[in-house]
Amino acid sequence: MTPYARRGVHGQTVEALARRILGGRIPEGATLDLVALRSELDVSLTALRESLKVLAAKGMIDARQKRGTFVRSRADWNLLDADVLRWRFEGADGNGRDQALLHDLAEMRAIVEPAAVRLAAARRTDADLAALDAALAAMAERDAGPARAVDADLAFHRALLAATHNELLERMRAVLESGLAHRDRIVHSSPHSGDPVPAHRAVLDAVRDRDPDAAEAAMRALLDQAHRDQRRVGDVTHVSDVSDVSDVSDVTDVGDSDDTERLSG
């Protein structure tokens, strides 16, 4: 689903309501008092209803006769929606739920990216390599600033997914990018970030050589480095509680990987 336009009264109203629901201020099952919300948010009833349509499309709310508009069960929310992910990360405050989200994302990345890079190594085209080369070059620009570094990291991982030439894997970028952007901002705010270029270059070299085994190994090494960097920054602390150190470390890195990668390596 295409992200909605965030600007204006409509966008501000959508975000205000979404954050309240995601943060638990409006709990699951709660019936919304539209009159009160209209007054509190200082918006027209039309604007409020249009905003509610956006949240309904994301599975967060519904409306029924005699019950009114209510918050649906969390199990119905589209947690993979790009906007929902962004709201959750932007509202992160370091609490348990935030850490659980980061860990879930890390596990997902640890599963997806090593497998995806194997496909990329087997299927990449010259155009794919050009996109990866451009992203790596941008990553190497030391004076570009944090924002450009984040963009370069996202571009690299986006290009890797595109190089799989699997439409469903390519669509995973919306999920991965939300987590990577959040992680990157955290790591970039730390003075302990390392050089992300060598680890990313190793991945690209293996893809260029059409070597799936080397590509997977390089990706796992990149995620492992990201994990170490993130631990140094002190952001993801709950990871140490995970029993399966080998695979979950890749996972944790994953969530932190790109972020840390670019920021750290």
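The coordinates are above.
Residues numbered from 1 in each chain as written. Predicted model: local features only at pLDDT ≥ 70, side-chain atom pairs only at ≥ 80, totals over all residues. Heavy atoms only, no water.

Some details on the pattern of salt bridges
For the record, the criterion: Should a side-chain nitrogen of Lys or Arg be within 4 Å of a carboxyl oxygen of Asp or Glu, the pair is scored as a salt bridge. Exposed residues in this analysis have more than 50% of their type's maximum accessible area, buried residues have under 20%, and partly exposed residues fall in between, with area computed by a 1.4 Å probe over protein chains only.
Scanning the model with the defined rule gives 17 salt bridges in all. The residue Asp 62 makes a salt bridge to Arg 64 at a minimum N-O spacing of 3.4 Å. Here Asp 62 falls in the partly exposed class, since its relative accessible area comes to 25%.

A look at the packing of helix H6 (residues 126-139) against helix H10 (residues 197-208)
Condition: Only the contacting stretch of a helix is used when fitting its axis, a line to C-alpha atoms as for every element, and angles between N-to-C directions run 0 to 180 degrees. Elements are defined by DSSP. Helices are runs of H or I of four residues or more, strands are runs of E of two residues or more, and each kind is numbered from the N terminus. Angular relationships are summarised with four words: roughly parallel below 35 degrees, roughly antiparallel beyond 145, roughly perpendicular across 65 to 115, and oblique for the angles in between. Left-handed describes a crossing whose near helix is turned anticlockwise from the far helix through less than a right angle; right-handed describes the clockwise counterpart. Residues are treated as being in contact if the distance between any of their heavy atoms lies within 4.5 Å. Any residue that is not Ala, Val, Leu, Ile, Met, Phe, Trp, Tyr, Cys, Pro, Asp, Glu, Lys or Arg is counted as polar, Gly included; the first ten are nonpolar and the last four charged.
Between H6 and H10, the shortest axis-to-axis distance is 10 Å and the interhelical angle comes to 165°. Between H6 and H10, the angle falls in the class roughly antiparallel. As for how H6 packs across H10, the hand of that crossing is left-handed. Side by side, H6 and H10 meet where Leu 129, Leu 132, Asp 133, Leu 136 and Met 139 of the first sit next to Val 197, His 200, Arg 201, Leu 204, Val 207 and Arg 208 of the second. Class assignment of the residues belonging to the contact of H6 with H10 gives a composition of 7 nonpolar, 1 polar and 3 charged.

Some words on unusual backbone geometry
Positive phi, normally seen in glycine, also occurs at Lys 66, with a value near 75°. With respect to the helices and strands, the residue Lys 66 is situated in the loop between strand E1 (61-64) and strand E2 (68-71). On the accessibility criterion, Lys 66 (92% relative accessible area) is exposed. Of note in this structure, His 165 is not a glycine but carries a positive phi near 55°. Among the structural elements, His 165 can be located in the loop between helix H7 (146-162) and helix H8 (167-171).

Comments concerning the packing of aromatic side chains
The condition that has to hold: Working definition: rings of Phe, Tyr and Trp (its six-membered ring) pair if their centres are within 6.5 Å, and the pair is stacked with planes under 30 degrees apart, edge-to-face with planes over 60 apart, and tilted otherwise. Only when the NZ atom of a Lys or the CZ atom of an Arg is both within 6 Å of the ring centre and within 35 degrees of the ring normal do we say a charge sits over the ring.
Per the stated rule, a full pass over the model turns up 0 aromatic pairs. When the ring centre of Phe 70 is taken as origin, the NZ or CZ atom of Arg 67, which lies over that ring, is 3.7 Å away.

Focus on the side chain of Arg 20
Note that Arg 20 resides in helix H1 (residues 8-22). On the accessibility criterion, Arg 20 (13% relative accessible area) is buried.

What to know about the environment of Gly 11
Within the secondary structure, Gly 11 sits in helix H1. For Gly 11, a relative accessible area of 0% translates into the label buried. Sequence spacing of Gly 11 and Ser 51 is 40 residues, and the spatial spacing of their C-alpha atoms is 7.5 Å.

These figures capture arrangement, not role.
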